[in-house]
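Each chain, letter by letter, is given below.
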Amino acid sequence: METIFKITQAKQAAGYKSNASIYNLVNDGLFTKPVKLGARAVGWPSSEVAAINAARIAGASTEQIRELVGKLHAKRKELLPTV
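Residues numbered from 1 in each chain as written. Predicted model: local features only at pLDDT ≥ 70, side-chain atom pairs only at ≥ 80, totals over all residues. Heavy atoms only, no water.

Draft legend 1. Representation of the side chain of S46. Inspection of the secondary structure puts S46 in helix 3 (residues 46–57). Overall, S46 belongs to the buried group, its relative accessible area being 18%. (Helix = DSSP H or I, 4+ residues; strand = E, 2+ residues; numbered from the N terminus. Buried < 20%, exposed > 50% of the residue type's maximum accessible area, 1.4 Å probe, protein only.)

Draft legend 2. Structural detail: the packing of aromatic side chains. Taken as a whole and judged by the stated rule, the model has 2 aromatic pairs. Judged by centre distance (6.2 Å) and plane angle (65°), the ring pair of F31 and W44 falls under edge-to-face. Of this pair, F31 sits in the loop between helix 2 (19–27) and strand 2 (35–38) while W44 sits in strand 3 (residues 41–45), placing them 13 residues apart in sequence. (Phe/Tyr/Trp six-rings, centres within 6.5 Å; stacked < 30°, edge-to-face > 60°.)

Draft legend 3. Summary view of the sheet that holds strand 1 (residues 4–5). Spatial strand order, 1-3-2: 3 strands in an open sheet with antiparallel pairing. The two strands at the open ends of the sheet, each matched to only one other strand, are strand 1 and strand 2. Two strands pair when backbone bridges link them, and strand 2 and strand 3 are joined in this way by 3 bridges, in the antiparallel orientation. Counterpart to G38 in the pairing with strand 3 is A41. Against the sheet, helix 3 touches strand 1 and strand 3, its axis set at about 50° to strand 3. (Pairing = 2+ DSSP bridges. Contact = heavy atoms within 4.5 Å. Axes fitted to C-alpha atoms, helices over the stretch in contact; angles between N-to-C directions.)

Laid out in structure tokens, this is it:
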């Protein structure tokens, strides 16, 4: 089952201390964009955080992580039901 991390969980799982760190990574294309949960709430799918962590542990380059983030965003679109 997929879990959605709020900012505190996402930054802890990724090893960062500040919210700004996560949002700077998002702006640089090195972390996935948050998923809107409500009018004032966002979160990150735990599987995406885990995939980015695994890439970093494996020694992926900045460009490889950007490519991974792009693939993770594309995978989200695949989850949308077709009408």
